[in-house]
Amino acid sequence: MHFKYCPDCGTKLSERELGDEGLVPWCDRCAKPWFDMFPVATITLVYNEKGEVLLLRQNYISTEFMNLVSGYVTPGEDAETCAVREIMEETGQHVEELELIMTNWFAKKEMMMIGFFARVNATELKLSSEVDSAAWHKPEEILDLVSSRPGSTSRLLCEKFLERIK
């Protein structure tokens, strides 16, 4: 979101030089900058004690590809808490170990994706209404099931996982 008016007082913003940031939207009345805002989401490759990867079918996201567990970071929540929460909400799995792997700008939706690996001890899947189906897959299968589009965060995480387990 690019601000044209101050969200606090409603004054039309001007531009002001702000150090290394260059010209930024500025409220003269409140004497503060208003940087562009964008959504932030986590995306997590969940794997179990056997090394299998959990892939989700979520038709509202894609009918062509399977997905990793993902969700939006809520105000006041850190990315790690979001990733663990989304895994529990969407699959019913308890995270044993969580590791930050990467960040990736998802240009199609103008959002920042924060990518993790999460190890779980697999239990019965308890899927949320957002998930049409889910299954554990052998690592060698996953690249054929996720998006092959350039810059796909799902694909990048899968590739990094496969590199790690070589």
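Look up a bit, the structure's there.
This structure is a prediction, so every number in the text was calculated from the model and none was measured. (Residues numbered from 1 in each chain as written. Predicted model: local features only at pLDDT ≥ 70, side-chain atom pairs only at ≥ 80, totals over all residues. Heavy atoms only, no water.)

## Observations concerning unusual backbone geometry
Let me state the cut-off plainly: Strands are runs of DSSP state E lasting at least two residues, helices are runs of H or I lasting at least four, and both sets are numbered from the N terminus onward.
You will see that A31, though not glycine, has its phi angle at about 55 degrees, which is positive. Position of A31 relative to the elements: it lies in the loop between strand 2 (23-27) and strand 3 (32-33).

## Here we look at the sheet that holds strand 3
Strands belonging to one sheet form pairs held by backbone hydrogen bonds; the direction of such a pair is parallel or antiparallel. The following threshold applies: Paired strands, as defined in this entry, are two strands with at least two bridges between them according to DSSP.
Taken in spatial order, the 3 strands make up an open sheet running 1-2-3, and their pairing is antiparallel. The outermost strands of the open sheet, each flanked by one partner alone, are strand 1 (14-17) and strand 3. Bridge analysis of strand 1 against strand 2 gives 4 bridges, and the strand direction is antiparallel. Note that in strand 2 the partner of S14 across the bridge is W26.

## Let's talk about the nonpolar core
Test applied: Nine residue types can take part in a nonpolar core, namely buried Ala, Val, Leu, Ile, Met, Phe, Trp, Tyr and Cys, and a core is a set of them joined through side-chain atoms within 4.5 Å. Relative accessibility thresholds used throughout: buried, under 20% of the residue-type maximum; exposed, over 50%; partly exposed, between the two (1.4 Å probe, protein chains only). Only heavy atoms matter for contacts: two residues are in contact if any of them lie within 4.5 Å across the pair.
Core analysis: the biggest nonpolar cluster contains 18 residues, and L45, V53, L55 and L68 have the highest contact counts within it. Mapped by element, the contributors of at least two residues to this core are strand 4 (40-48), strand 5 (53-57), strand 8 (111-120) and helix 2 (153-165). Once residues lying within four places of it in the same chain are set aside, the contact partners of V53 are L45, V46, Y47, A135, W136, H137, I142 and F161. V46, V69, A118 and V120 belong to the second-largest nonpolar core, a separate cluster that totals 9 residues.

## Description of the packing of aromatic side chains
The cut-off we apply is this: Stacked, tilted and edge-to-face pairs are distinguished by plane angle, under 30 degrees for stacked and over 60 for edge-to-face with tilted covering the rest, among Phe, Tyr and Trp rings (Trp via its six-membered ring) whose centres lie within 6.5 Å. As a reminder, the over-ring test applies to NZ of lysine and CZ of arginine, requiring each to be within 6 Å of the ring centre and within 35 degrees of the ring normal.
One pass over the full model with this rule turns up 4 aromatic pairs. Centroid distance F38 to W105: 5.2 Å. Interplanar angle 90 degrees. Geometry classified as edge-to-face. Here the residue F38 occupies a position in the loop between strand 3 and strand 4, and W105 occupies one in strand 7 (residues 95-106), the gap between them amounting to 67 residues. Their ring planes at 85 degrees and their centres at 5.5 Å tell us that F117 and F161 sit as a pair that is edge-to-face. Taken together, the residues span a long stretch of sequence, with F117 in strand 8 and F161 in helix 2 at a distance of 44 residues. Comparing F117 with F161 shows no difference in burial state: the two are buried. Taken together, the aromatic side chains of Y47, F117 and F161 make up a single cluster linked through ring pairs. Note that R16 overlies the ring of W26, its terminal NZ or CZ placed 4.1 Å from the centroid.

## Here's the deal with the pattern of salt bridges
Stated formally: By convention in these notes, a salt bridge is any Lys or Arg side-chain nitrogen within 4 Å of a carboxyl oxygen on Asp or Glu.
This structure, assessed with the given rule, holds 8 salt bridges. We note a salt bridge from R85 to E89, for which the minimum N-O separation is 3.2 Å. Of this pair, R85 and E89 both sit in helix 1 (residues 79-91), 4 residues apart, roughly one helical turn. Classification of R85 as partly exposed rests on a relative accessible area of 22%.

## Overview of helix 1
For the record, the criterion: Multiplying one less than the number of residues by 1.5 Å gives the expected span of a helix. By construction, the arc corresponds to the directions joining the helix axis to the C-beta atoms. In protein, a polar contact requires one atom able to donate a hydrogen and another able to accept it; more generally it is a pair of N or O atoms within 3.5 Å, and residues adjacent in sequence count only if both atoms are side-chain atoms.
With 13 residues, helix 1 ought to run about 18 Å at 1.5 Å a step, and its terminal C-alpha atoms sit 18 Å apart, in line with that. Here helix 1 has its buried residues at A79, C82, A83, E86, I87, E90 and T91. Along the axis of helix 1, the buried residues cluster in a sector spanning 130 degrees; they form a single face. Packed against the buried residues of helix 1 are strand 4, strand 5, strand 6 (69-72), strand 7 and strand 8. If you check the start of helix 1, you find a side-chain oxygen 3.2 Å away from the backbone N of E80, and it comes from D78. Backbone geometry just after helix 1 places G92 at a positive phi near 75 degrees.

Purely spatial values, then, with no claim about function.
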